[in-house]
Amino acid sequence: MRRGLIAAALIAIACPAMAEDAAHESHTVFHADEIAFEDNTAFPPGAKTAVLLGDAAKPGLFILQVKLPPNYVVPPHTHPGVETVVMLSGSMGLGSGKTVEKSGKVLGPGSAFIVPINHAHYVWTGDEGATFQVTVNAPFDLILC
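Along each chain, residue indices are assigned from 1 in the same order as the chain's sequence is written. A pLDDT threshold of at least 70 governs which residues receive local features in this predicted model, and a stricter bar of 80 or more applies before side-chain atom pairs are shown or counted, although totals over entire chains, interfaces and linings include all residues. Side-chain calculation: all heavy atoms of the structure are included, whereas hydrogens and water are not.

A. Main features of the nonpolar core. As used here, the term nonpolar core means buried Ala, Val, Leu, Ile, Met, Phe, Trp, Tyr and Cys residues forming a set that is joined through side-chain atoms within 4.5 Å. A 1.4 Å probe rolled over the protein chains alone gives each residue an accessible area, and that area as a share of the maximum for its type sets the label: buried under 20%, exposed over 50%, partly exposed in between. Among the nonpolar cores identified, the biggest contains 23 residues, and Leu 68, Met 92, Phe 113, Phe 132 and Val 134 are the most heavily contacted of them. Counting only elements with at least two residues in this core, the list comes to strand S3 (60–68), strand S5 (83–96), strand S7 (112–115) and strand S8 (121–138). The contact criterion used throughout is that any non-hydrogen atoms of two residues lie within 4.5 Å. Not counting residues within four places of it along the chain, the set of residues in contact with Met 92 comprises Leu 68, Val 85, Met 87, Lys 105, Val 106, Leu 107, Phe 113, Val 123, Trp 124, Ala 130 and Phe 132. Helix and strand assignments follow DSSP, with helices taken as H or I runs no shorter than four residues and strands as E runs no shorter than two, numbered in order from the N terminus.

This is how it looks when you write it as structure tokens:
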């Protein structure tokens, strides 16, 4: 019985350590200056995106970073799922509806917003442009109004 207790104690000590090692081996790090942004035809010309996780066309978690140039407008659009946006740098205006009025809220770094399914909205940047991160449960699309 004593051997069984010793074996159980060794397993109890070893398993969390092995799980911690496995967790460290499985995470992915994205350094801001190393993220490769590319043109994305879902947006008007000038926007750049980088997929961090997932595939927009397949079910599951999808994380995308978007970089918009200065004085840029993403026209009114909707999404087939809930969109969560976190501002990373710059500033960006957010408005609701099918007509761009540039009268909504202006958000800076650290700000966030959540857009419901099929809710018409638009965004615009000022003189500095903006970078933000989008998290959705895919499939995901940008559907122009």
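B. Summary view of the pairing of S3. In this description, strands pair whenever DSSP reports at least two bridges between them. Sheet topology note: the strand S2 (residues 48–53)/S3 ladder contains five bridges and is antiparallel. Bridged to Val 51 within S3 is Leu 64. Between S2 and the antiparallel strand that follows it, S3, lie six residues; Gly 54 among them carries a positive phi value of about 85°. Across nine bridges, S3 lies against S8 in antiparallel orientation. Paired with Leu 68 across the bridge in S8 is Ala 130.

C. Structural view of the environment of Leu 64. If you trace the backbone, Leu 64 turns up in strand S3. Spatially, the C-alpha atom of Leu 64 lies 4.5 Å from that of Val 51, the residues being 13 residues apart in sequence. In this structure Leu 64 touches Thr 49, Ala 50, Val 51, Phe 132, Gln 133 and Val 134, once residues within four positions along its chain are discounted.

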